[in-house]
Amino acid sequence: MAKNIGFKSYCWAVGTTSYRTDDFNMNIEWQLSLLKEFWGISENKNKSWRGNNALQADYYAFLKEKGFVTGDANRPDKDAREKTSGLRDIGLLDDDRNITEAGEALLKISQSKDFSSDNLLEIPKDSYLYFKQLLKTTNDVDGKSVRPFVVFLFVIAKLEYLTYEEFTYLLPLCVDYETTEKIIQYIIMLRNGELNYEDIILSVLMEMDNYKLALQRFQEEIVTEELVCSVGMNRKSAKYDKPYYKLYCLLKKIVDDQENVVVEFYNATKKLTNSKVGGAWRKYFFSSTARNVMKREGLSVLNDVPILKAKDENEFKKEFFKIMHLFKAKATLSDYFDLNRRYFKITDIVIFEDNKVRLDVLPKSYVEMVSDNFLLFAFMQTDLLQKNVSLGEIHPVLEIDAKKLYQRLGVSLGKEIADKESAKKVIRDERYVRFNKLIDEHFDRNTLITLLKHFEERNDDEIRSIVTDNADIPTIFEYILGIIWYIISERKGNVLEFMNLSLEADLLPKTHAGGGEADIVWKYEKSNSYPEHTLLLEATLADGSNQRRMEMEPVSRHLGDYCLNHPLEEAYCVFITTYLHINVISDFRTRKSAIYYDKAGEDYITGMKILPLQTSELKTLLRFDVKYPQIYKMLDKAYYSDEAPKEWYENNIVRETSTRESPHSLHGHSTPEEAE
């Protein structure tokens, strides 16, 4: 009987693959709030979480009641553990799922809805707390302690950036000092074309004692199903590796006897329990996976790979062993990519774009200043994980002088930066360069028109796939409207401030628990086309009677309060939705002469300028590339029209926007094709 060889961990990951969720920031904050409420229930007080399946199932039921989860889990207690384990791993909860000091600090930020920056790195308050938590977060990898985020910062400081492949397949292999130094050198060689990342993965695995022993036994013993399962070292159970024995036997027939068992071999890859691994085998061996081609071409359909040219049994076994474990490792590492990306992104210092992972400009300067000291604590545990402590308390080397940081930033950008204000300006300018690049590459007019169509049809999955999965659909709608209005306004104005949205380091939106500001407040300077004024953009995806209840009062209140608080400003509102209810139009038209009072009932304004706009008309304006001076003129003219609401919208908005106009004009005659 073959003696099992134990699996040993060879990589790290932050969090757990069993808990992957959209709206990541929001769900962390929401769940902390729910846990606080759950523990506040009298019958839950003084109960222990650990080993208490009934309590854990109760928590799952509580989450379902609050709308945090839907459906019925097969194992509600297990699901409850999975939902909370990631928060425990980064120190927001303890093992008993009580909120820690660090968790309370995050909850306080969330409940205050004040995420503004108050730190050296000029990142939001919550992001800074996550940054500190990840600096302390430790993995146990086969008995060795490693802080994944610290290792990442050390590696990226040495290499400037990581490709997605390097981040996915190589970075998590850095589990100790020696391997980290090797991986850095390997990546340099990889970029010079001297290695490929699969060779690097194998070189790391084959340095491990259990892989050496497994290969030795595989080469020395007669191959049986039991032996294959033993040397497969499956993380869960040896039985999952049984399909590899058939793969081995079929490959032997192909190599030793040139027997045409191609279709059988292809079918055998389908029996592998991990679909990613099976797909990797098929991609590696088959030039075509069409059955008629396999039957017609026989062995010729197979790619020219080393195992098919093995000179003897030892070489064949070695190649089979390498293929089996390489594809397993790649599948495991690729599973961790999304997990590590989500956790690293919540610090708002890491940018994932253009197939590269890099640091934002100011954090990059900070990391470069302290990177040589990261290895002092990258491979040791800390008892501070659950505490809300300063950078200097995490490790003294992390505390640096702000002036030196600004000087370092100036050197890196080739600019004179003397103080915090000049640093903020440089950072803001750099963000706008990246934001404009983001629009150019990902949000051209056709994409924006497509997105508006998806919003109208509520194709939420499509919207998330194009924009982000870390924001809810209403937040994404506001974000996309902000981009559209920025384009309409000829990219003038501080759109990143006007949008009142929380953005990640890659300048995509994120949602917080409890929501945030609802308005896009756009400031326009005086021009030849319009006076100095403020525009409030209000957006909703609500429709029908729901729209009337939700939007008529808030929209007029927001504009009314703004006008009362800024009496010297000219201000008006554009209400944008995917479907306009006729009575919403009617209500907004009556606001033209309505009196609006302040809370005390003393101060008031007479008349509010609110113009509704449906996304169908916004798409037309985009399609013809109509700019704000012409839109302002159209809306201003529409405001003063006295037609009945239904005719008013049709004649003053729909007709004006649907006329085949030339770009930059509402009086031309070009076709949509010409406008494009």
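Position labels on residues start from 1 in each chain and follow its written sequence. This being a predicted model, a pLDDT of at least 70 is required before a residue's local features are given, and a value of 80 or more before pairs of side-chain atoms are given or counted; all residues contribute to the totals for chains, interfaces and linings. Note: side-chain values were computed over all heavy atoms of the structure, leaving out hydrogens and water.

Asks: Account for the overall build of the chain, with residues named and values stated.
Replies: Helix and strand counts for the chain stand at 30 helices and 13 strands. Counting only C-alpha atoms and orienting by the principal axes, one finds that the chain spans roughly 90 × 65 × 60 Å. Contacts are assigned to residue pairs that have any heavy atoms within 4.5 Å of one another. Relative to all contacts within the chain whose residues are 6 or more apart in sequence, the contacts with residues 24 or more apart total 68%. In the form shown here, the chain has an accessible surface area of approximately 30,300 Å², with 46% of it arising from carbon and sulfur atoms. Only four residue types enter the charge count: Lys and Arg as positive, Asp and Glu as negative, with His and the chain ends excluded. To locate a charge, take atom NZ for lysine, CZ for arginine, CG for aspartate or CD for glutamate. Positive and negative charge centroids in the chain, built from 92 and 108 side chains respectively, lie 4 Å apart. Secondary structure counts use DSSP, requiring at least four H or I residues in a row for a helix and at least two E residues in a row for a strand, with both numbered from the N terminus. For every accessible area listed, the method is Shrake-Rupley and the probe measures 1.4 Å; residues are considered covered only by the protein chains on display.

Asks: Describe the pairing of strand 5 (residues 356-359), and please don't skip the residues or the numbers.
Replies: Of the two faces of strand 5, only the one carrying Val-357 and Leu-359 is buried; Lys-356 and Arg-358 on the other face are not. The criterion for strand pairing is that DSSP finds at least two bridges linking the strands in question. Direction of pairing for strand 3 (residues 162-163) relative to strand 5: antiparallel, over a ladder of 2 bridges. Across the sheet, residue Leu-162 finds its bridge partner in strand 5, namely Val-357. Where strand 4 (residues 350-353) lies against strand 5, 4 bridges are found, and the strand directions are antiparallel. Note that in strand 5 the partner of Glu-353 across the bridge is Lys-356. Connecting the antiparallel pair strand 4 and strand 5 is a turn made up of 2 residues, with Asp-354 showing a positive phi of about 55°. Exposed residues in this analysis have more than 50% of their type's maximum accessible area, buried residues have under 20%, and partly exposed residues fall in between, with area computed by a 1.4 Å probe over protein chains only.

Asks: Lay out the side chain of Lys-132 with the relevant residues and their values.
Replies: One can find Lys-132 in helix 5 (residues 125-136). By convention in these notes, a salt bridge is any Lys or Arg side-chain nitrogen within 4 Å of a carboxyl oxygen on Asp or Glu. For the buried Lys-132, no salt bridge is present, and the opposite-charge side chain at shortest range is Glu-393, 7.3 Å distant. Not counting the four nearest positions on each side in its chain, Lys-132 is found in contact with Asn-388, Val-389, Ser-390, Leu-391 and Ile-394.

Asks: Explain the packing of helix 20 (residues 420-442) against helix 23 (residues 473-488) residue by residue, including any values.
Replies: Every axis corresponds to a line fitted to the C-alpha atoms, with the helix fit spanning only the stretch in contact, and the corresponding angles, defined between N-to-C directions, vary from 0 to 180 degrees. Running from amino to carboxyl end, helix 20 crosses helix 23 at an angle of 95°, the nearest separation of the two axes being 12 Å. Taken as axis vectors, helix 20 and helix 23 run roughly perpendicular relative to one another. Across from Tyr-432, Phe-435, Asn-436, Leu-438 and Ile-439 in helix 20, the residues of helix 23 making contact are Tyr-479, Ile-483, Tyr-486 and Ile-487. Residues of the contact of helix 20 with helix 23, tallied by class, amount to 8 nonpolar, 1 polar and no charged. An angle below 35 degrees is read as roughly parallel, one above 145 as roughly antiparallel, one from 65 to 115 as roughly perpendicular, and any other as oblique. When residues are sorted by character, Ala, Val, Leu, Ile, Met, Phe, Trp, Tyr, Cys and Pro go into the nonpolar class, Asp, Glu, Lys and Arg into the charged class, and all the rest, Gly among them, into the polar class.

Asks: Can you lay out a nonpolar patch on the surface for me, pointing to particular residues and giving the numbers?
Replies: Together, Ile-595, Tyr-597 and Tyr-604 make up a nonpolar patch on the protein surface, roughly 320 Å² of accessible area in all. By secondary structure assignment, the location of Ile-595 is in strand 11 (residues 595-597). According to the relative accessible area criterion, Ile-595 is partly exposed, its value standing at 46%. Any residue with relative accessible area above 30% and no salt bridge may belong to a patch, with like charges joined within 9 Å and the nonpolar Val, Leu, Ile, Met, Phe, Trp and Tyr side chains within 5 Å.

Asks: For the nonpolar core, give the residues involved together with the corresponding values.
Replies: Ranked by internal contacts, the top residues of the largest apolar core, which has 145 residues, are Phe-131, Phe-152 and Trp-281. With 15 residues, helix 16 (residues 313-345) is the largest single contributor of residues to this core. In this view, Phe-131 contacts Leu-121, Ile-123, Phe-149, Leu-153, Thr-347, Ile-349, Tyr-366 and Leu-391; residues no more than four positions away in its chain are not counted. To form a nonpolar core, buried Ala, Val, Leu, Ile, Met, Phe, Trp, Tyr and Cys residues must be joined to one another through side-chain atoms within 4.5 Å. If you look at the next biggest cluster of nonpolar residues, it comprises 80 residues, including Val-467, Cys-563, Leu-564 and Val-584.

Asks: Before we move on, could you go through the environment of Ile-466 and cite the residues and values that matter?
Replies: With respect to the helices and strands, the residue Ile-466 is situated in helix 22 (residues 460-466). Once the C-alpha coordinates of Ile-466 and Leu-537 are considered, the two residues, 71 residues apart in sequence, prove to be 23 Å apart. Setting aside its immediate chain neighbours within four residues, Ile-466 contacts Phe-443, Thr-447, Leu-451 and His-454.

Asks: A description of the pattern of salt bridges should follow, citing residues and the corresponding values.
Replies: Tallying each qualifying case throughout the model produces 48 salt bridges. For Glu-122, the salt bridge is made with Lys-420, and the minimal N-O distance between the two is 3.7 Å. With Glu-122 in the loop between helix 4 (101-112) and helix 5 and Lys-420 in helix 20, this residue pair connects regions lying 298 residues apart in the sequence. Residue class for Lys-420 comes out partly exposed when judged on its relative accessible area of 37%. Among the salt bridges present, the one from Glu-504 reaches Lys-345, with a minimum N-O distance of 3.0 Å. One end of the pair, Glu-504, is in the loop between strand 6 (502-503) and strand 7 (509-510); the other, Lys-345, is in helix 16, with 159 residues separating them in the sequence. Both residues of the pair, Glu-504 and Lys-345, count as buried.

Any functional reading would require information beyond the geometric quantities listed.
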